[in-house]
Each structure stands twice: as C-alpha cells, then as structure tokens.
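Read off the chains here:
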2 protein chains.
Amino acid sequence: MSVIGKRLKEARSRVGLSQERLGILAGIDEMSVSARMSQYERGVHTPGYPLVERFAEVLEVPVEYLYAKDDDTAELLLYFHRLSADNKARVIEMTKNMDLER
Amino acid sequence: MSVIGKRLKEARSRVGLSQERLGILAGIDEMSVSARMSQYERGVHTPGYPLVERFAEVLEVPVEYLYAKDDDTAELLLYFHRLSADNKARVIEMTKNMDLER
DNA sequence: ACCAATACTAAGTAATACTTAGAGGTGGGG
DNA sequence: CCCCACCTCTAAGTATTACTTAGTATTGGT
C-alpha cells in the first residue's frame, strides 16, 4: 500500500466516513467516486495535490500528514495541527533548541 | 508556484545544488533532467511520490517537508527531522499534552 | 440466508508527465 | 564588449498515468 493510501484510510477510519462519502465531501463526482477512492487507498492510483488538500480539510488533518512516511512524524503533525498559534511557536522554539544542542 | 515547487527550490538553494545536479543525484536521466527539474520547480508538472522521496534524501529533509503548505509546519519538520529518537519522543509528548490541555 | 452498504476491479478514454530540441538568461575572463 | 560555460526555461510530440464506466466481490446487520 502507498503512503497516501495508508494515511487516507487511517484518517478516514478515525472520523468514521465511507470511502464514497469522503470522496463526495471532497468534491469528486458521484459517478466515479467509488472506483477512484478505492484506487487511491489501495495505491493503484495517486490523487493530485489539490485533491489531497481537500481530503485533508474534510478529515481535519494537515495536508502534510497524508504524505507522512514515518509514523512518529504523522503523529506529531496531527497534534501540532490543532494547537493555537502561540503553542505552535513554543513547539517550534523547543524543537529548534533541541536541534542546536547537539 | 506549486507547494512542491516552492519547497524544492527552498531546500535546493539551502544546500547549494543546481536543478540539474539535484535531479541527477535523485536518479533522473541526464537527457531530460534539466527540463523536468524546471517543470517541477515552476509547477508545470508534479513529480511522483517515489521521486519526491529521492529528492528528500538528497536534500536531507523529511519527505513531508516537500509537501508542506504552511511555513510553520515546514520549519518544524526541518528541525524535528534531525532529532534523536529520544528527543523526537519528547517533542511528540509535549505537543500531545499541549493539545489535550484545551 | 438475505439485503443494503461498502469496497473493489478490468478495460477503455481522457488527462498528465516525460522527452526532445533548442532558446533565453547570468556571470566571469579576456 | 564578446565569448564561453553554466543554468534555467519552453513548446510540442510521445509515453505514461489517472479517470470513467460498468459492473463484481465483500462485509455487516437482521
């Protein structure tokens, strides 16, 4: 399975949407939505970036999450996404300093 | 300009590689590398995920960075990428807790 | 077992990326 | 200024990939 397929399924399951419903909410035409969503999740085809952006909005995850290869990074992105601007700045500062320390 | 185009150029400039050199290091054929790299950076075409992964390796950034729409998230991903496993775990814990607090 | 909802697949058509061949732009040396 | 080397960009044709259609499986509930 592709990275995008894996993350799509993961996020979709969390919010409890069917493939079809997610596709429709993201603006895909009813006639082909079922085939396309299946192809995306199974890695047969890859959705373009604009569509991935719409998936991210519907699923309330940052777009980067849907491309995240590493599980730790994926997890971080989920939490970070929901923080206030202030808290985001704090996390960035802390991470930057940890990086500089060594 | 597309998100990927913008991030590619950003990361490429940081490490001081030409479009062509980056493309070759990522495994693109010499005959077409110049045209393709220009098309990617300008958003004329979009590289597939496997190629983006190779760009990320050459540029020493996480693959998610090259898809990051938001500058704050892009910055975070750069720092986070370079941390030890222990420090990554700390950042995730802290971010998770901040998220739960509100 | 049955039905409804959901997920999946093959094959043809449409759209997108890749290749080719070259043109434009930039900076340094003579 | 002119030339050269290097880098970046572009149009148009070809190759590859995604989308659509028309279904067939699978899953979960009663």
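Just above, that's the structure.
So, a few notes on the structure that sits alongside this text. (Residues numbered from 1 in each chain as written. Chains lettered and ligands numbered in written order. Predicted model: local features only at pLDDT ≥ 70, side-chain atom pairs only at ≥ 80, totals over all residues. Heavy atoms only, no water.)

### Concerning the interface of chain A and chain B
Contacts between the two partners involve 28 residues from chain A and, on the opposite side, 28 residues from chain B. Taken over both partners, the interface formed by chain A and chain B buries close to 3,100 Å², and the fraction arising from carbon and sulfur atoms is 71%. When the area that chain A buries against chain B is broken down by residue, the three leading residues are Glu64(A), Leu76(A) and Tyr79(A), summing to 18%. Where chain A meets chain B, there are two salt bridges. Note that Glu53(A) and Lys69(B) form a salt bridge whose closest N and O atoms lie 3.2 Å from each other. The tally of links from chain A across to chain B stands at six residue pairs in polar contact (both at pLDDT 80 or more). Listing elements by their share of the side of chain A that touches chain B, those giving two or more residues are helix 4 (49-59), helix 5 (71-81) and helix 6 (85-100) of chain A. With nine residues, the top contributor of residues to the side of chain A that touches chain B is helix 6 of chain A. Of the residues contributing to the side of chain A that touches chain B, the split by class is 14 nonpolar, three polar and eleven charged. (Contact = heavy atoms within 4.5 Å. Buried area = accessible area lost by both parts, 1.4 Å probe. Salt bridge = Lys/Arg side-chain N within 4 Å of Asp/Glu carboxyl O. Polar contact = N/O pair within 3.5 Å; in protein donor to acceptor, adjacent residues only side chain to side chain. Helix = DSSP H or I, 4+ residues; strand = E, 2+ residues; numbered from the N terminus. Nonpolar A, V, L, I, M, F, W, Y, C, P; charged D, E, K, R; others polar.)

### Side note on helix 1 (residues 3-15) of chain B
A rise of 1.5 Å per residue sets the reference length of helix 1 of chain B, with its 13 residues, at 18 Å; its end C-alpha atoms lie 19 Å apart and thus fit the reference within 8%. If you check which residues of helix 1 of chain B are buried, you get Val3(B), Ile4(B), Gly5(B), Arg7(B), Leu8(B), Ala11(B) and Arg12(B). In this structure, the buried side of helix 1 of chain B is in contact with helix 4 of chain A together with helix 2 (19-25), helix 3 (33-42), helix 4 (49-59) and helix 5 (71-81) of chain B. (Expected span 1.5 Å × (residues − 1). Buried < 20%, exposed > 50% of the residue type's maximum accessible area, 1.4 Å probe, protein only.)

### Quick word on the relation of the copies chain A and chain B
Each copy of the sequence occupies a distinct position, and chain A is placed on chain B by a rotation of 180 degrees and an axial shift of 0.0 Å, giving an RMSD of 0.0 Å. Expressed as an axis order, the relation between the two copies is that of a two-fold axis. Rotation axis and chain A: the residue whose C-alpha lies nearest the axis is Glu64(A), separated from it by 2.7 Å. Of all interface residues in chain A, 100% are interface residues in chain B too; the two copies therefore contact each other through one and the same surface. (Least-squares fit on C-alpha atoms with pLDDT ≥ 70 in both.)

Taken by themselves, the reported measurements are silent on function.
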